[in-house]
Amino acid sequence: NLPEDQADKLLLASWGLPKAVLEKYHSLGVVQMFEWQAECLMLGQVLEGKNLVYSAPTSAGKTLVAELLILKRVLETRKKALLILPFVSVAKEKKNYLQ
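None of these values were measured; they are calculated from a predicted model. (Residues numbered from 1 in each chain as written. Predicted model: local features only at pLDDT ≥ 70, side-chain atom pairs only at ≥ 80, totals over all residues. Heavy atoms only, no water.)

Asker: Can you tell me about the layout of surface pockets, naming the residues and giving the values?
Answerer: Its boundaries defined by the atoms lining it, the largest pocket holds a volume of some 390 Å³. Lining the largest pocket are 18 residues; nearest its centre among them are Leu52, Tyr54, Ala66, Leu69 and Ile70. Residue classes in the lining of the largest pocket are distributed as ten nonpolar, three polar and five charged. (1 Å grid on protein atoms, 1.4 Å probe; cavity = no way out; pocket = protein on both sides within 12 Å on 5 of 7 lines; lining within 4 Å. Points joined across faces, edges and corners; volume = space filled by probe spheres on them. Nonpolar A, V, L, I, M, F, W, Y, C, P; charged D, E, K, R; others polar.)

Written as structure tokens, this is what we have:
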């Protein structure tokens, strides 16, 4: 569980994402994340590019963690990222979503 002084980390707005990205998430109904998602992002040096391995059931929210890590890294370093997805339909959906 997150300590009370870090409860704001559940809000997407607290992760330094650009306004346009936050507005897109908000338009899809995503304003905050689950505690386990915030905990993943706060582990070690994950936000500085270190590795993270996490496991959760289907539709639990794993993709949001990956998206936030990718978006922050791309925006901060101005480098490209590679997102590997398991199905063509998911890849097409994410392509449209991230554009």
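Read on, since the account is not over.
Asker: Describe helix H1 (residues 19–27), and please don't skip the residues or the numbers.
Answerer: Of the residues making up H1, those classed as buried are Val21, Leu22 and Tyr25. Looking down the long axis of H1, one finds its buried residues gathered within 95° of arc, a one-sided arrangement. The outward face of H1, more than 90 degrees from its buried face, is lined by the exposed residues Lys19, Ala20 and Ser27. Looking at the buried side of H1, the elements it contacts are helix H3 (62–77) and helix H4 (88–98). Positive phi appears at glycine 29, one or two residues downstream of H1, with a value of about 85°. (Buried < 20%, exposed > 50% of the residue type's maximum accessible area, 1.4 Å probe, protein only. Helix = DSSP H or I, 4+ residues; strand = E, 2+ residues; numbered from the N terminus. Arc of directions from axis to C-beta. Contact = heavy atoms within 4.5 Å.)

Asker: Would you mind going over the packing of helix H2 (residues 35–42) against H3 in detail, with residue names and values included?
Answerer: Two numbers describe how H2 lies on H3: the axes approach to 10 Å, and their chain directions differ by 35°. H3 is crossed by H2, and the crossing has right-handed handedness. Where H2 abuts H3, its residues Trp36, Gln37, Cys40 and Leu41 lie against Lys62, Leu64, Val65, Leu68 and Leu69. Here the residues of the contact of H2 with H3 sort into seven nonpolar, one polar and one charged. (Axes fitted to C-alpha atoms, helices over the stretch in contact; angles between N-to-C directions. Left-handed = near helix turned anticlockwise from the far one by under 90°.)

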